[in-house]
Amino acid sequence: LGASALEAQKSDDSFDWKGRLAAGKTLAIRGINGDIRVTAARGDEAVVHATKRAKKGDVSSVRIKVEEHAEGVTICAIYPGGSGDDCASGNNSRKGRSSDDDRGDDVVVDFTVEVPAKVRFEGGTVNGGIDAQGLRADADVSTVNGAIVLATTGVGSASTVNGSVRLRIGSAAWDGRLEARTVNGSVTVEMPEPSDLEVEAGTLNGSISSDFPLTLQGKMSPQRLRGTIGKGGRQLRLETVNGDVHLRRAA
């Protein structure tokens, strides 16, 4: 990064950052209120634009911070009343807030992001949706109140509580476990034909379907499925409470 990074707090209600990250590094976006929209960068430079808006609150009370570290770059929205001044704590905790700290409560920060090829992406918010498509490396995204769409040529995980999850991955090879989960909403995962995979899928109020033939383990149930493809090994977990679960073969 260094001199290749450009940060500009254009005004109280907008923010821009550009920078180059080496292949394998991570660009992470952390918000609380607002959507995150992600596309592939045209060149080798990452681009982040944030827009702040509020009906009553003071948009200047919410700061956008850039943190460079060994793994890459994290950019976050820090609200008043947080427990710290960094992306790890300042935008996630509202403990110890005073009566004056509500001036930023209704401020919404929407991020639009362009991610270069071979750069990992991590995105998290609380009240907002995440739409990340056309990515060309691994990705991990999460929210609480909002839907998720994630499409990448690598592998990815996605989780929310209130909203649907649609995950499209371009690789069927990863280490450990990959997850797509929600509580209220459907879960759909599209992927290439896997060679060796353990699949665990569950719903309470919904159904489960798979385009891939599975060797079932244990009792068969319309609401819960455990099975293997090939020799098993790497794991894929698809979970919801209220909604359907679909495992699809990518076209």
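Thresholds applied
Residues numbered from 1 in each chain as written. Predicted model: local features only at pLDDT ≥ 70, side-chain atom pairs only at ≥ 80, totals over all residues. Heavy atoms only, no water. Salt bridge = Lys/Arg side-chain N within 4 Å of Asp/Glu carboxyl O. Helix = DSSP H or I, 4+ residues; strand = E, 2+ residues; numbered from the N terminus. Pairing = 2+ DSSP bridges. Buried < 20%, exposed > 50% of the residue type's maximum accessible area, 1.4 Å probe, protein only. Contact = heavy atoms within 4.5 Å. Polar contact = N/O pair within 3.5 Å; in protein donor to acceptor, adjacent residues only side chain to side chain. Disulfide = S-S within 2.5 Å.

1. Focus: the pattern of salt bridges
- Evaluation of the coordinates by the stated rule reveals 18 salt bridges.
- Among the ionic pairs, aspartate 85 bridges to lysine 65, the shortest N-O distance being 3.8 Å. With aspartate 85 in the loop between strand E7 (72-78) and strand E8 (108-115) and lysine 65 in strand E6 (residues 63-69), this pair connects stretches of sequence that are 20 residues apart.
- Where aspartate 138 meets arginine 120, a salt bridge forms, and the shortest distance between an N and an O atom there is 3.8 Å. Of the two residues, aspartate 138 is situated in the loop between strand E10 (130-135) and strand E11 (139-142) and arginine 120 in strand E9 (residues 120-124); the sequence distance between them amounts to 18 residues.

2. Examining the sheet that holds strand E3 (residues 26-30)
- Taken in spatial order, the 11 strands make up an open sheet running E6-E7-E3-E9-E11-E13-E15-E21-E17-E20-E19, and their pairing is mixed. At either end of the open sheet lies a strand with only one pairing partner, and these are E6 and strand E19 (215-216).
- As paired strands, strand E15 (residues 177-181) and strand E21 (residues 235-239) are joined by 5 bridges and run parallel to one another. Across the sheet, arginine 177 pairs through a bridge with glutamine 235, a residue of E21.

3. Focus on the environment of glycine 232
- Note on placement: glycine 232 falls in the loop between strand E20 (224-229) and E21.
- Using a relative accessible area of 10% as the deciding quantity, one classes glycine 232 as buried.
- Spatially, the C-alpha atom of glycine 232 lies 4.1 Å from that of leucine 197, the residues being 35 residues apart in sequence.
- Setting aside anything within four residues of it in sequence, one finds glycine 232 in contact with Asp196, Leu197 and Glu198.

4. Overview of the environment of arginine 249
- With respect to the helices, strands and loops of the structure, arginine 249 is situated in strand E22 (residues 245-249).
- Ignoring sequence-local partners within four residues, the contact set of arginine 249 consists of Met191, Glu193, Asp211 and Phe212.
- Within the local environment of arginine 249, its side chain forms a polar contact with the side chain of glutamate 193, the two groups lying 3.0 Å apart.

5. Let's talk about the state of the cysteines
- Considering all chains together, one arrives at 1 disulfide under this definition.
- One disulfide bridge connects cysteine 76 with cysteine 87, the sulfur atoms lying 2.1 Å from each other. For the disulfide bridge between cysteine 76 and cysteine 87, the dihedral angle about the S-S bond is near -80°, and by the sign convention the bridge is left-handed. Residue cysteine 76 is found in strand E7, and its partner cysteine 87 is found in the loop between E7 and E8; the two are separated by 11 residues along the sequence.
- According to the relative accessible area criterion, cysteine 76 is buried, its value standing at 0%.

These results come straight from atomic positions and should not be treated as a statement about function.
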